[in-house]
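The primary structure of each chain is shown beneath.
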Amino acid sequence: MEKKSIINQFIYLDIIKISKQSNVSVKEIKALFAKADTNYLKLYLEQKNEEIYKEIRRT
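Structure report, in brief. (Residues numbered from 1 in each chain as written. Predicted model: local features only at pLDDT ≥ 70, side-chain atom pairs only at ≥ 80, totals over all residues. Heavy atoms only, no water.)

### Quick word on the overall build of the protein
Looking only at helices and strands, one finds three helices and zero strands in the protein. Over its C-alpha atoms, taken along the principal directions, the protein stretches across nearly 45 × 20 × 20 Å. The burial tally for the protein puts 17% of its 59 residues in the buried class. For the protein, the computed accessible surface area is about 5100 Å², with 58% contributed by carbon and sulfur atoms. Taking the average location of the 12 positive side-chain charges in the protein and that of its 8 negative ones, the two points are 3 Å from each other. (Helix = DSSP H or I, 4+ residues; strand = E, 2+ residues; numbered from the N terminus. Buried < 20%, exposed > 50% of the residue type's maximum accessible area, 1.4 Å probe, protein only. Areas by Shrake-Rupley, 256 points an atom, 1.4 Å probe, with all protein chains shown as cover. Lys, Arg positive; Asp, Glu negative; His and termini not counted. Charge placed at Lys NZ, Arg CZ, Asp CG, Glu CD.)

### Here's the deal with the nonpolar core
Listed in full, the seven residues of the largest apolar core are I15, V24, I29, L32, L41, Y44 and L45. Secondary-structure elements contributing two or more residues to this core are α2 (26-35) and α3 (38-58). Top contributing element to this core by residue count: α3, with three residues. (Core = buried A, V, L, I, M, F, W, Y, C linked by side-chain atoms within 4.5 Å.)

### A closer look at the side chain of S19
Among the secondary structure elements, S19 is positioned in helix α1 (residues 3-21). The class of S19 is buried, set by a relative accessible area of 0%. Ignoring anything within four residues of it in the chain, the contact list for S19 reads V24, I29, L32 and L45. (Contact = heavy atoms within 4.5 Å.)

### As for the packing of aromatic side chains
For the coordinates displayed, the defined rule picks out two aromatic pairs. Centroid distance Y12 to F33: 4.7 Å. Interplanar angle 85°. Geometry classified as edge-to-face. Taken as a pair, Y12 in helix α1 and F33 in helix α2 lie far apart in primary sequence, 21 residues in all. The exposure class assigned to F33 is partly exposed, which follows from its relative accessible area of 27%. The aromatic ring of Y40 is capped on one face by K35, whose charged end is 4.7 Å from the ring centroid. (Phe/Tyr/Trp six-rings, centres within 6.5 Å; stacked < 30°, edge-to-face > 60°. Lys NZ or Arg CZ within 6 Å of the ring centre and 35° of its normal.)

### Some words on the packing of α2 against α3
Viewed as axis vectors pointing N to C, α2 and α3 meet at an angle of 155°, and their least axial separation amounts to 10 Å. Regarding the angle of α2 to α3, the classification is roughly antiparallel. Residues E28, L32 and K35 of α2 pack against Y40, L41, Y44 and K48 of α3. (Axes fitted to C-alpha atoms, helices over the stretch in contact; angles between N-to-C directions. Parallel < 35°, antiparallel > 145°, perpendicular 65-115°, else oblique.)

Okay, structure coming up:
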C-alpha cells in the first residue's frame, strides 16, 4: 500500500471522528467527502462546533 494512501485514510478517519463528535450524520459526512473541498469542510465543522457551544451555553 502506498504511503500517501495510508496517510489519507488516517485523515479521513480523523474527519469522521470529529464529525461524529459534532453530531454530524453519516449522510452529511458522505456529502462532505463528495464535495472534496477542504475549505468547505473546515467552515462546516467550525459551524457545527459553534452550534455545540451555543447548545452548551443554553443548558
